[in-house]
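Per-entry structural report
These are the residues of each chain, in order.
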Amino acid sequence: MTALSQFEKSLAQPIPTEFEVEGMSCASCVVRVEKAIKALPGVNSASVNLATERASVTFKDVVDPGSVLRAIEEAGYQVKVDTEEFGIEGMTCASCVARVEKVLKAVPGVIGASVNLATERVTVRVAAGAVQTQTLEAAVRNAGYEVRRLQPTHTPEAKDHRAAEISKLKAKLAVAATLTLPLFLLEMGSHFIPAVHNLITDTIGMRNNLYLQFVLATIVLFGPGFRFFQKGVPNLLRWAPDMNSLVVLGTTAAWLYSVVATFAPGLLPSGTVNVYYEAAAVIVTLILLGRFLEARAKGRTSHAIKRLIGLQAKTAFVSRNGEFVKTRIEDVVVGDIIRIRPGERVPVDGLVVSGSSYVDQSMITGEPIPVEKAADCEVVGGTVNTHGTFTFQATKVGSDTLLAQIIKMVEAAQGSKLPIQALVDKVTAWFVPAVILAAAITFLAWYLLGPSPALSFALINAVAVLIIACPCAMGLATPTSIMVGTGRAAELGILFRKGEALQSLRDADVVALDKTGTLTKGRPELTDIDVIDGYAEIEVLQLVASLETFSEHPIASALVAAALERDIHVLPVIEFRANPGFGIEGSVNGRKVLVGADRALAKAGIDIGRFHEKAAVLAKQGKSPLYAAIDGNLAAIIAVSDPVKDTTPAAIGALHALGLKVAMITGDNKRTADAIAHQLGIDEVVAEVLPDGKVEAVNRLRTGGRKVAFIGDGINDAPALTEADVGLAIGTGTDIAIESADVVLMSGDLNGVPKAIAFSKVTIRNIKQNLFWAFAYNVSLIPVAAGVLYPVNGTLMSPVFAAAAMAMSSVVVLGNALRLRSVNP
């Protein structure tokens, strides 16, 4: 074999797709991964290298990285996945979305691609290092669309490309309308108004009238309407027609027929010499009008993002060499000291150093009441200082601020696809080719079977079918509702980190709540103190709190805090001793003090019988009873509990009103848990759960096929948040819990849970309304455009009416989605 033939043979070999595999540690791992990949039906060969931690895979026919990813994960290993995101210009309908996704998924190394028509963005998941960004962009351009690099939206200078598109459409629409109006009056006026017909005949003449109509229609079609040809013709040549292709076919057919009737009428059968210049021009003008209205409505769908970006301050007064100097926000760095005066917006996240004030945090939490800020309190960029002056130290700047992260979360949710979108994707994959086929059948049926002039009837009805059937509304039905719904929710302090949660939250049957920090305040407080005659409450609390200052137990902190709140000063302690599991004791101001559980006093030989009934009542209320003895005598019974948040009862009631079961998962003993559940009206209790047992508890609640939404706030809640069908994190909780959740409630108020569920229900209902309209519109009007009603009552649809109906269908869908902007559950 010659070197050249070997080279040619090497070129014919399939190009392998590379995957970075994480978690392999030995040769047996390599064998296991190779075996899992080779077992896939579409794989030709697989080679795994332990040193480079890479798997090289070649496919037989269809490249399917997704199946390899799943096989590796099922074998117990992870594939490193990168995410690429960029804007796409030129998409007009659902078929465009399907085409872009198809070409991207065909690129070796691409695991998945999701295109959003409303945001005009694509998110591509690729095997790490397997695909260059330029390769993805080239695939999109080869499909006939333009790629736009995204500006970081956390910067105030982020460009609004949609404003430029609206301006361009407005100019083209103005030109088209200016030329189409006289054309329409010339043609339709001469048909229906005798005076207009006579005026044309007596002035320019009917022949010159046709020439003038030709000039006006040609300018409209190949001037403002040329944008349809730029996209539609290449896609037709690729055998991948889109909405632009339908417009091109319809308007060009009407225009060409009119040109033949004008300049070579002898080529047409007798009785069919008619012109349809006005139809071609009006179709272009009406579709441009629809595009203009659609672009304006799309701009309003991103209102929430624009509002969030607008909350970012552009300057800050930063301490420089002992003076506060006005500084650009981009120049603020972590550690800078910043001054905030009344009415100013906090520029970045930080920690108050000096001064105090009340800050309006409604843009973050949705709560309208300003929050007091003093030394060591956290402040968040974008919030507004109401009155007072304070200085704070910057802790997070730029893209690390909470506001920037919120914007990023909202954008991610807005760009996601819901499971309900799968139906739309399946339909639109074949919709446009089916429409062209339907138009061809319509033309042939009318030409062969229709009344005279058959050719004219065939042309008009085929054009009407092409124009009426554009799937624009289908493509916009789901993403616009997601954009507006998630944006409005963010304004109310409810962040859907994953768009899928919009649908899955609506289907929840059981809401499982972690107790500590979710149902309760998360810190114990003194609730009861009952002293024996001869002792004063203040005296006992002073002695107990003084002793507890030496303890690190949370209950000790509660007792000390209670004393300080009552302006009771602690006293010196000597001979302090802690007895784990029993209590603490010591000498306070010369008096022997013992504080502990019943067993601690029993061990000391002190009878607590007189508080037996009181202890039982406290236990039923979910409180932890303690006893205090002074100088060997019983002095008081003390109760400490983690109090229920003030908003919790109303939230539980709202969840019940939504028809949901409420469950509580807690590590408390069964008696205490049942007491709290009875107090709040909770339906199910899973008690005495160890920190690592919450996942099992969530699975237990799934019995009977129920869908579970779990709400938590702590680090130990993260696995359960991930395991649940939907995880909701209280925003005042830990970063780990928030990162593990599908939905984040920024206010820390449990009332956010029923609000989030209500938002889910109303958004999905809005999506279904949009989809019903989009499908019903096409299903009902395509047969009418084809002329099925003509034999019944003589009804035919003008291509002009078809263009108006098609343009308005998208506007109706967008208008319905925009109603979500006013939702306040």
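In this text, all values refer to a predicted model and were calculated from it rather than measured experimentally.

1. Concerning the overall build of the chain
- Tallying secondary structure elements over the chain gives 31 helices and 30 strands in all.
- Across the 825 residues in the chain, those meeting the buried criterion constitute 52%.
- When contacts within the chain are restricted to residue pairs at least 6 apart in sequence, long-range pairs at least 24 apart make up 68% of them.
- As displayed, the chain offers around 36,700 Å² of accessible surface, 58% of which is attributable to carbon and sulfur atoms.

2. Some points on the pattern of salt bridges
- Considering all chains together, one arrives at 19 salt bridges under this definition.
- Among the ionic pairs, Glu-85 bridges to Arg-121, the shortest N-O distance being 3.6 Å. Taken together, the residues Glu-85 in strand β5 (residues 81–89) and Arg-121 in strand β7 (residues 121–127) connect sequence positions 36 residues apart.
- Judged by its relative accessible area of 39%, Glu-85 falls in the partly exposed class.
- Among the residues examined, Arg-121 registers a relative accessible area of 19% and is labelled buried.
- By sharing partners, the salt bridges in this structure join Glu-137, Arg-141 and Glu-146 into a single network.

3. Concerning the UniProt feature "transmembrane region" (unreviewed entry) in the chain
- Under the present numbering, the feature "transmembrane region" (unreviewed entry) in UniProt falls on residues 171–190, 210–226, 246–268, 274–293, 427–449, 455–478, 771–790 and 796–818.
- Helix makes up 82% of residues 210–226 and strand 0%, and the two end C-alpha atoms of the span are 22 Å apart.
- End C-alpha atoms of residues 246–268 are separated by 24 Å, and the span's content is 78% helix alongside 0% strand.

4. As for the side chain of Ser-546
- Position of Ser-546 relative to the elements: it lies in helix α20 (residues 537–548).
- When its relative accessible area of 0% is taken as the criterion, Ser-546 is described as buried.
- Among the polar contacts made by the side chain of Ser-546, one reaches the main-chain carbonyl oxygen of Gln-542 at a distance of 2.6 Å.
- Of the polar contacts made by the side chain of Ser-546, one reaches the backbone nitrogen of Leu-571; its length is 2.7 Å.
- In contact with Ser-546, other than residues within four places in its own chain, are Val-570, Leu-571, Val-573 and Val-588.

5. Some remarks on the packing of α20 against helix α21 (residues 554–565)
- Two elements in contact, α20 and α21, have axes separated by 8 Å at closest approach and are oriented at 135°. Between α20 and α21, the angle is such that the two are oblique. In the packing of α20 onto α21, the handedness of the crossing is left-handed. For the pair α20 and α21, the contacting residues are Leu-541, Val-544, Ala-545 and Glu-548 in the first and Ala-556, Leu-559, Val-560, Ala-562 and Ala-563 in the second.
- Looking at the contact of α20 with α21, its residues break down into eight nonpolar, no polar and one charged.

6. Focus on the pairing of strand β19 (residues 510–514)
- Burial within β19 is extensive, with five of its five residues counted as buried.
- Side-chain alternation along β19 places Val-510, Ala-512 and Asp-514 on one buried face and Val-511 and Leu-513 on a second face that is also buried.
- Relative to strand β26 (residues 661–665), β19 runs parallel, the two being bridged by five bridges. Residue pairing across strands places Leu-513 opposite Met-664, the latter belonging to β26.
- Note: β19 against strand β28 (residues 708–712), four bridges, orientation parallel. Its bridge partner being in β28, Leu-513 is matched across the sheet by Ile-711.

7. Here's the deal with the sheet that holds strand β10 (residues 323–328)
- Judged by pairing direction, the sheet is antiparallel, and its six strands sit side by side in the order β10-β9-β11-β17-β12-β15 without closing on themselves. Of all the strands in the sheet, just β10 and β15 (378–379) have a single pairing partner and so form its edges.
- Where strand β12 (residues 349–355) meets β15, two bridges bridge the pair, whose relative direction is antiparallel. Looking across to β15, one finds that Gly-350 is bridged to Val-379.

8. Thoughts on helix α3 (residues 65–74)
- Buried residues dominate α3, accounting for seven of its ten residues.
- With its phi angle positive at about 100°, Gly-76 sits one or two positions after the end of α3.

Scoring rules and cut-offs
- Residues numbered from 1 in each chain as written.
- Predicted model: local features only at pLDDT ≥ 70, side-chain atom pairs only at ≥ 80, totals over all residues.
- Heavy atoms only, no water.
- Helix = DSSP H or I, 4+ residues; strand = E, 2+ residues; numbered from the N terminus.
- Buried < 20%, exposed > 50% of the residue type's maximum accessible area, 1.4 Å probe, protein only.
- Contact = heavy atoms within 4.5 Å.
- Areas by Shrake-Rupley, 256 points an atom, 1.4 Å probe, with all protein chains shown as cover.
- Salt bridge = Lys/Arg side-chain N within 4 Å of Asp/Glu carboxyl O.
- UniProt positions renumbered as here; feature names shortened; annotations may be inferred.
- Polar contact = N/O pair within 3.5 Å; in protein donor to acceptor, adjacent residues only side chain to side chain.
- Axes fitted to C-alpha atoms, helices over the stretch in contact; angles between N-to-C directions.
- Parallel < 35°, antiparallel > 145°, perpendicular 65-115°, else oblique.
- Left-handed = near helix turned anticlockwise from the far one by under 90°.
- Nonpolar A, V, L, I, M, F, W, Y, C, P; charged D, E, K, R; others polar.
- Pairing = 2+ DSSP bridges.

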